[in-house]
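# Coordinates in review
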Amino acid sequence: METDPDAFLTALRLGDSFLPVGGYTASYGLEQYLNEDRIDDGDDLRTLLDAYLRRVVGPCETVALANAYEARQNGDLGRLLAVDERLHAVTMPREFRESSTKAGAKLCELLLGAEREVGEPVDDPTDADCDGFATAVADAVDRGATPGHYPVVFGVVAGDRGLSRLEACLTHAYSFVTGLLGAAQRLGRFGHTEIQTVLAEVQPVIEAVCERHVDDDIAAMTSFAPMAEIMGMRHERAGRRLFMS
């Protein structure tokens, strides 16, 4: 991987919790794990993150992102919409879908559709070398013609800003992990040092799952994390909630 400075800075921006897409409001079920005392220490937290990466982020969100990236590179809007539709279908908990689509819409607003007036005609969406594709995606999300999941929009942004496909997948997976670790810390169970230790331990897993799934076809997109999904569904009805998911 060789990234120019502008693309590298874009990767840092996309991977930073400072990016205002609402990621800080999502724990993806982690809050419910803690509410039910299913996580006691850093080892438990690392095990949970490992499972998320291998069963959700890798085979589901990384596949979606990589295929969205390729759709953008080829100017294939139909393929991108199919990727978005499948990701929506395989994401079971309602809160997970809502968190992802709200973040995707915000990322569209910030980095894809900021200069487009509502109702303004779009350029040719099949021309991957101009702004037409990104504008067409932003328009489809704006109109509700597609869910606009965060990994899908992320893939389009990454392709627009010069990241390689693998770099985009790594940035997204790293951002997902740090988002959950930040949630764990804000919930008051873990300190800075323990969080950094867990992050260092899961970094090889981030690399492994991205390299394994970056070339997967859309048909391989799947998510299998029953307990995480159950925690997400229970969180919807929890009496106390700091996070949206």
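Refer to the structure printed above.
Here's what I pulled together on the structure shown here. (Residues numbered from 1 in each chain as written. Predicted model: local features only at pLDDT ≥ 70, side-chain atom pairs only at ≥ 80, totals over all residues. Heavy atoms only, no water.)

### Describing the nonpolar core
Of all hydrophobic cores here, the largest spans 73 residues; its most connected members are Leu 45, Tyr 52, Leu 53, Leu 107, Leu 112 and Met 221. Per element, the largest residue contribution to this core is 15 residues, and it comes from helix 3 (residues 42-74). Setting aside anything within four residues of it in sequence, one finds Met 221 in contact with Pro 59, Cys 60, Val 63, Ala 64, Val 83, Arg 86, Leu 87 and Val 90. (Core = buried A, V, L, I, M, F, W, Y, C linked by side-chain atoms within 4.5 Å. Buried < 20%, exposed > 50% of the residue type's maximum accessible area, 1.4 Å probe, protein only. Helix = DSSP H or I, 4+ residues; strand = E, 2+ residues; numbered from the N terminus. Contact = heavy atoms within 4.5 Å.)

### Observations regarding the side chain of Ser 175
Within the element layout of this structure, Ser 175 appears in helix 8 (residues 165-186). Given the relative accessible area of 17%, Ser 175 is considered buried. Sequence-distant contacts of Ser 175, defined by excluding residues within four places in its chain, comprise Leu 14 and Gly 15.

### Some words on the pattern of salt bridges
Across all of its chains, the model carries 9 salt bridges by this definition. A salt bridge links Asp 160 to Arg 72, with the nearest nitrogen and oxygen atoms 2.4 Å apart. In this pair, Asp 160 sits in helix 7 (residues 150-160) while Arg 72 sits in helix 3, placing the two residues 88 residues apart along the sequence. In this structure, Lys 106 engages Glu 109 in a salt bridge whose closest nitrogen and oxygen atoms are separated by 3.3 Å. Remark: Glu 109 and Lys 106 occur in helix 5 (residues 94-112); sequence separation between them is 3 residues, near one turn of the helix. Accessibility expressed as a relative area gives 30% for Lys 106, which makes it partly exposed. Shared partners join several salt bridges into a network, and the residues in it are Glu 70, Arg 165 and Asp 215. (Salt bridge = Lys/Arg side-chain N within 4 Å of Asp/Glu carboxyl O.)

### Regarding the packing of aromatic side chains
Within this structure, the stated rule accounts for 2 aromatic pairs. Here the aromatic rings of Tyr 150 and Phe 154 are separated by 5.7 Å at their centres, their planes lie at 75 degrees, and the arrangement is edge-to-face. Here Phe 154 and Tyr 150 lie together in helix 7, a separation of 4 residues that amounts to about one turn. Phe 154 sits in the buried class, given a relative accessible area of 0%. (Phe/Tyr/Trp six-rings, centres within 6.5 Å; stacked < 30°, edge-to-face > 60°.)

### Remarks on helix 6 (residues 132-143)
Between its terminal C-alpha atoms helix 6 stretches 16 Å, which fits the 16 Å expected from 12 residues at 1.5 Å a residue. For helix 6, a buried count of 10 out of 12 residues is recorded, marking the element as mostly surrounded by other parts of the structure. For helix 6, the full list of buried residues reads Gly 132, Phe 133, Ala 134, Thr 135, Ala 136, Val 137, Ala 138, Asp 139, Ala 140 and Val 141. Considering only its buried residues, helix 6 is in contact with helix 3, helix 4 (77-90), helix 5 and helix 7. Looking one or two residues past helix 6, Gly 144 carries a phi angle of roughly 80 degrees, positive in sign. (Expected span 1.5 Å × (residues − 1).)

### Details of the packing of helix 4 against helix 7
The interhelical angle for the contact between helix 4 and helix 7, taken along N-to-C directions, is 150 degrees, at an axis separation of 9 Å. Here helix 7 runs roughly antiparallel to helix 4, going by the angle between their axes. Listed contacts from helix 7 to Leu 80, Val 83, Asp 84 and Leu 87 of helix 4 are Pro 151, Val 152 and Val 156. When its residues are assigned to classes, the contact of helix 4 with helix 7 shows 6 nonpolar, no polar and 1 charged. (Axes fitted to C-alpha atoms, helices over the stretch in contact; angles between N-to-C directions. Parallel < 35°, antiparallel > 145°, perpendicular 65-115°, else oblique. Nonpolar A, V, L, I, M, F, W, Y, C, P; charged D, E, K, R; others polar.)

### Some remarks on a nonpolar patch on the surface
A contiguous nonpolar surface patch, about 310 Å² in accessible area, is contributed by Phe 8, Leu 9 and Leu 12. Checked against the element boundaries, Leu 9 lands in helix 1 (residues 5-14). Judged by relative accessible area, which is 53%, Leu 9 ranks as exposed. (Patch = residues over 30% accessible without salt bridge, like charges linked within 9 Å, V, L, I, M, F, W, Y side chains within 5 Å. Areas by Shrake-Rupley, 256 points an atom, 1.4 Å probe, with all protein chains shown as cover.)

### As for the environment of Phe 154
Sequence separation between Phe 154 and Leu 65 is 89 residues; the distance between their C-alpha atoms is 6.7 Å. The contacts of Phe 154, once residues within four sequence positions are left out, are Leu 14, Leu 65, Leu 107, Ala 168, Thr 171 and His 172.

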